[in-house]
Structures are given as C-alpha cells and as structure tokens.
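For reference, the chains in residue letters:
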Amino acid sequence: MSVTATGVIKTFGDYTALSNVSLEAREGEFLALLGPSGSGKTTLLRILAGLEFPDAGQILIGGEDMAGRPARDRRVGFVFQQYALFRHMTVADNIGFGLTVRPRGSRPATREIARRVAELLELVQLPDLGRRYPAQLSGGQRQRVALARALAVEPRILLLDEPFGALDAKVRKDLRRWLREVHDRTGLTSIFVTHDQDEALDLADRVVVMDHGCIEQIDTPEALWDRPASAFVCDFLGGANRVAAIASDGIIDVGGIRLPNHAPALQDGPVTGFIRPHEFSLAAPGSPGIPVTIRRCLRTGAQAALETETHDGAIIEVTLSEPPAGLVPGLTQVLVPTAIRAYPV
Amino acid sequence: MSVPAATAEPRWVRWLLIAVALGFLALNLALPLAAVFVEAFRKGVAAYVAAIRDPDALSALRLTLTVAAIAVPLNIVIGLAASWAIAKFDFRFKPFLVTLIDLPFSVSPVVSGLVYVLVFGMQGWFGEWLRDNDLQVIFAVPGLVLATIFITFPFVARELLPLMEEQGRDEEEAALSLGASGLSTFWHVTLPNVRWGLLYGVLLCNARAMGEFGAVSVVSGHIRGKTNTMPLHIEILYNEYNFAAAFAVASLLAGLALVTLVLKSALEWRFAGQLAGRGH
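Residues numbered from 1 in each chain as written. Chains lettered and ligands numbered in written order. Predicted model: local features only at pLDDT ≥ 70, side-chain atom pairs only at ≥ 80, totals over all residues. Heavy atoms only, no water.

### Thoughts on the interface of chain A and chain B
It is common to give the size of an interface as the accessible area that goes away when the parts come together.
Line of reasoning, step 1. Listed by partner, the interface residues are 24 residues for chain A and 22 residues for chain B.
Line of reasoning, step 2. For the chain A face of the interface with chain B, the top three residues by lost area are Arg-72, Arg-87 and His-88 of chain A, together amounting to 30%.
Line of reasoning, step 3. Our count for the contact surface shared by chain A and chain B stands at 2 salt bridges.
Line of reasoning, step 4. The interface formed by chain A and chain B includes 5 residue pairs in polar contact (both at pLDDT 80 or more).
Line of reasoning, step 5. Those elements that place two or more of their residues in the side of chain A that touches chain B are strand S6 (76-79), helix H2 (91-100) and helix H4 (139-152) of chain A. (Contact = heavy atoms within 4.5 Å. Buried area = accessible area lost by both parts, 1.4 Å probe. Salt bridge = Lys/Arg side-chain N within 4 Å of Asp/Glu carboxyl O. Polar contact = N/O pair within 3.5 Å; in protein donor to acceptor, adjacent residues only side chain to side chain. Helix = DSSP H or I, 4+ residues; strand = E, 2+ residues; numbered from the N terminus.)

Written out as structure tokens, the structure reads:
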C-alpha cells in the first residue's frame, strides 16, 4: 500500500522537528529515512504510525486520509528501536498479542492464533523459542520477535525505527540481509529509519535524506551516490574530502586542475568541493594540484590508503589502486583530483 | 595466592559494619517490639484475653480494619491514576503534581487532621451545609477515612512513579500500534509491568493506614466504641495507666504489621524469578 505525506509540520514547543516535509512511498517499496540525530526522521515515522500527530499536513495510507485516526486503527506495523517487547509475556504471547486483544467479534479462535504464531516464529527463524521470555533472548532474537509481532496483525505497511541500532556489527549485517528477504517475500511497503548511510544505501529501494526537519534529497542509492543534491548529502554519505575551489562557467578549478562539476549547476565564485578518496592520482611536487605531505600510509594488498595533510593543516584521505613504491610518511606529493562535486560555500 | 577482589574489605571491617547494623537494629527495633509482647502478657494470658475481648477494643479493631479497607483500595486507584498520568503523558503542571504527591510526607499529620476539621467541621467551610443535610464527617468514620487517605496517599504513587518512568512508553505504544484499546493496554501491559511495585506500595500503604495516629487523632474525637481506632484506643488505655491492656492491644496492632511483612517476604520468595525480571 502506498504512503504519502504532504506538507507535514511538527513542532515541540519552540523546537521545529519537521518543517514542511513531503514524500511518497510507492506500493511495495522499501524506503529508508536517513539523517543525523535530530533530523526529524523518527518524528516523521511516528507521525505515519499515529503515535504523534502533525501540526499541519496530510498523511495518506493507501489513499485514505489518516487525520484524527489513532494508531490502533491504522493497521501499521511498528518495530521499535529498543524492541518494546512485553517483558512479562512469553515470546508466543508477544507475537499473538495483536490478535488476542481484538474485540470478541473479530478475534480469531485460540487455536487459530497459536497456528499463526507458530507460522510467524517459523518466518523469523525462531521456531523453538515461543515459550521463552524476552529477557532470555539475545538482541537479534528480540528484534526478530518484534518484527513477528508487528507482522501478526497483517499490517498494511511496516515502519521500523532504527531496526539495527542496538545490535553489534556482525548481527547487524545478517539481520539486514534477512530483513530485505522478508520484505521481498511479504511485499509490504516498508519505511525504516537509520543514521547509518551504508545500511540505507545497501538495503533501500530509495533513500530519503533528512536534515534539520527538512528533506534534502529523495533518490535511489545509485543516484544519491552519483549526484548528491547538496553539500550536506555529499558530506553525510561519507568519506568525501572537503576542498576549497573556484567555479567559473560550470568548470571547477582546484589548485590549477580544471574539472567538470558532478553536482547541480552553481554560480561563479568560491565553492566547496567534495572529492572521494579514490578520485585522486599522484603527481611530482611542483605540478598543478593540491600539494600535500604524507602523514600515514597503509597498504592492504594491492591498494594503499594515504592520510595526507595540506599546507593549511587540512587532512585529505586518498585511496590508490596502483600505488607507486616509496610512499613514506613525510614525503611531499601533489594530489591531482580526477572528479569533483562542488556546492555553494 | 589468590588476588582479592577490588571491593573486598579486610575481615574486621566487614564484621564491624555488620555488628553496627545488627546492634542498631536490635536496640531500636527488636527490643521495643519484644517489649510490647512481654508487657502485654505481664499480667498473664487471662488479662491479655480480657483486654482484647473488651467491647471497646474489638470496636477499635473493627474500625481500624474498616478504615484501611476503604482507604487502601481508594489509594490504589488514585495512586495508579496519578503515576500513570505523570509517567506516560506530558502536560503543563506535571512538576506541580509530583510535588503535590509528596505533600502528605512533608506536612505534619496533625496539620493534615486540622485541615479536615477546618473544611468539614461544624464551624468549617462546609459545616452548615453538612449539618443541614444531616451528614457528619468530623468525629465520624468519613473523617477518619479522609484523613487516612490523605496520609497514606504517597505510598502507592511513590512506589509506582519511578518504576513507570523507567519503563517508559514504548510498550504502551507498541500495544496501541497492535490495535489494543487504551483500557486493554493498561490491563495487559501497564499493570502487569508494575504489579510488584504496586504490591509493595499497597502493603506499605496498608501498614500505615492501620497505624496512623496524628491526623486520625485530630478528626476522631476519641468517642470510645465509636470513633476510636486501635492506635487511639491504645493511647487512651495508656493514659489511664492501664498498661497491660494498652500493650495487649498494641501487640495486636504490631501483629497485624508483622503479618503484612511476612506476606510480603513470602510473595517475594515465591516469585523471586519474576522479580528479577527473568520470567520464570
């Protein structure tokens, strides 16, 4: 089912959590809300779930207006960052909760609930843990139970708040892949919140990048990576080095090297350029480019990762796929950028 | 040689600490408690039984139990409502409400009693109206109940508040998003999560409700056989130099308190696993 938010505004006292946010998740899409803490991504998710209500704006789920509709009438599956499992219930009772609390008329029979719970335990690969209590499970298992509980009520959409936030790196990776599989199997429109750009780019069909309560860009991971719409997006996606440059007629000049811009057009004058570590080659001292001193050099197989320092003390990270011999700390070199994305200063 | 743990103190320090704590408890708690029972039986079992079977004593016992039976359930409801509101919702006068809950602890019980006399007494604000409608609050059971509710209000709320605040709202929100109504969320999620804190608060509340003296003394009027609760009855007997009877009734009151404590320990032992949050 599709989800549409139009012109959503939310303030908490003097603090603006969301200022005029609009987005659309298409039927069956896996959408990521990506941004630093305080960007408003969790608030937006909670508004979609009906756990917060917007000051202005419209939420449509499957074309239906959600105004004034409380969380319990929205049929939205919500997975909480800290799992929020009912601590005094067994895993099976947790999963069956949404069915058990239905009014008498629409409540499935006890046996039917048990069957459904067993089915979901199978889906989340925890078939033998139905009688355990949440405190007896690992973080990854709890997250799976939380997902099973949300799926039990046959929600129309699935919302996940930092689903892997509290897990260690290895479990995170496994669970990430598994969640994508579950999504592909159920075909549920899903929206998840994360502050981890790798997670968003790896998992989502499209990524919504947010900052300070505004949407900076909505795009596929490829488009986001190739054409970041703003300096914030480029910076937040990570790894890019920030350099000062001059723009004239759409050409960017960095230390005498002139390159076409890989970002939206901008006015002539001083600009901030972003260059990714692999977008450099080395040249001898005195040639055009950015003169640097090598601080550290780490060789891994055929690659080399350099940490270099410019005359102003700025650090530039460089990755070379075919590094020359003799790169030692203290050596002076010139970095020649091969591509650049420039934004207004 | 084994390496001592970082927190291991020398043996004599540990023994000293234990001795100080035990000595203090023996001197200030065990000894007086024992004295109550010793004094109660000083004039023999027959005198003890007679003192207890005295109609005024029985009436005091009945009244004490009645007041507790009304005040404690009401405080459970009000305490639950207050702590639920404070822990799970945001509203403007929250800090004010939290302070208000502590008020009965900070005000002298005598003052709390006097306040009720001022409001509901014959010369009080509602005095005339109450007289016209043939209702008596002060020097009657309703006054005793009101004063007891006031004094014992913080026990349940104070016990539940930190617990509910620590547990947060996530589980309630999860229940709502799963389609549960507000009432069934409370019944299936909120209440079971705080049941041990609630039980503890209720036991403390009950112990104090039965033992309250100051506020109750002001509103009671000390009418023998009518508005005397056990603590008040004990004071009267004591002031009449009827020590054996005074201690006999006192031993009964102390007995009620001990039963409460034993009950609590028994429940803690029986459900130790759940208390530790491990489920079984």
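### Examining the packing of aromatic side chains
In this description, an aromatic ring pair is defined by two values, namely the gap between the centres and the angle between the planes.
All names here are of chain A.
Line of reasoning, step 1. Counted by the stated rule, this structure contains 14 aromatic pairs over all chains.
Line of reasoning, step 2. For the pair Phe-232 and Phe-236, a centre-to-centre distance of 5.6 Å together with 15 degrees between the ring planes defines the contact as stacked. Of this pair, Phe-232 and Phe-236 are both found in helix H8 (residues 231-237), 4 residues apart, which corresponds to roughly one turn of the helix.
Line of reasoning, step 3. Residue Phe-236 is classed as buried on the basis of its relative accessible area of 18%. (Phe/Tyr/Trp six-rings, centres within 6.5 Å; stacked < 30°, edge-to-face > 60°. Buried < 20%, exposed > 50% of the residue type's maximum accessible area, 1.4 Å probe, protein only.)

### Points about the nonpolar core
All names here are of chain A.
Line of reasoning, step 1. Counting 45 residues, the largest nonpolar core has Ile-95, Leu-147, Leu-151, Leu-158, Leu-179 and Val-207 as the members making the most contacts within it.
Line of reasoning, step 2. If you tally residues by element for this core, the top one is H4, at 7 residues.
Line of reasoning, step 3. Core analysis: the next-biggest nonpolar cluster, separate from the first, contains 39 residues, Ala-25, Ile-47, Phe-78 and Phe-80 among them. (Core = buried A, V, L, I, M, F, W, Y, C linked by side-chain atoms within 4.5 Å.)

### Quick look at a nonpolar patch on the surface
Residue and element names in this part refer to chain B.
Line of reasoning, step 1. Together, Trp-15, Ile-18, Leu-22, Phe-24, Leu-25 and Leu-29 line one region of the surface with nonpolar side chains, adding up to about 670 Å² of accessible area.
Line of reasoning, step 2. Structurally, Ile-18 is set in helix H1 (residues 11-40).
Line of reasoning, step 3. Taking the relative accessible area as the measure of exposure, Ile-18 reaches 42% and is therefore partly exposed. (Patch = residues over 30% accessible without salt bridge, like charges linked within 9 Å, V, L, I, M, F, W, Y side chains within 5 Å. Areas by Shrake-Rupley, 256 points an atom, 1.4 Å probe, with all protein chains shown as cover.)

### Digging into the layout of surface pockets
All names here are of chain B.
Line of reasoning, step 1. There is about 470 Å³ of room inside the largest pocket.
Line of reasoning, step 2. Contributing elements (two or more residues each) for the lining of the largest pocket: helix H3 (55-88), helix H8 (170-177) and helix H9 (182-193).
Line of reasoning, step 3. No other element matches the 3 residues that H8 contributes to the lining of the largest pocket.
Line of reasoning, step 4. Taken together, the residues of the lining of the largest pocket break down into 7 nonpolar, 3 polar and 8 charged. (1 Å grid on protein atoms, 1.4 Å probe; cavity = no way out; pocket = protein on both sides within 12 Å on 5 of 7 lines; lining within 4 Å. Points joined across faces, edges and corners; volume = space filled by probe spheres on them. Nonpolar A, V, L, I, M, F, W, Y, C, P; charged D, E, K, R; others polar.)

### Let's talk about the confidence of the model for chain B
Line of reasoning, step 1. Mean pLDDT over chain B works out to 87, with 95% of the residues at or above the 70 mark.
Line of reasoning, step 2. Complex prediction metrics read pTM 0.78 and ipTM 0.81. (pLDDT = per-residue confidence, 0-100.)

### Focus: the sheet that holds strand S11 (residues 241-248) of chain A
Strand pairing in a sheet is mediated by backbone hydrogen bonds. Such pairs are either parallel or antiparallel.
Residue and element names in this part refer to chain A.
Line of reasoning, step 1. Sheet architecture is open: 5 strands sit in the order S13-S12-S11-S14-S20, paired in antiparallel fashion. Whereas interior strands pair on both sides, the edge strands pair on one side only; in this sheet they are strand S13 (257-260) and strand S20 (341-344). Sheet twist, expressed as the average angle between the axes of neighbouring strands with direction ignored, equals 40 degrees.
Line of reasoning, step 2. Where S11 meets strand S12 (residues 251-254), 3 bridges bridge the pair, whose relative direction is antiparallel. Residue pairing in the sheet places Ser-248 in a bridge with Ile-251 of S12. (Pairing = 2+ DSSP bridges. Axes fitted to C-alpha atoms, helices over the stretch in contact; angles between N-to-C directions.)

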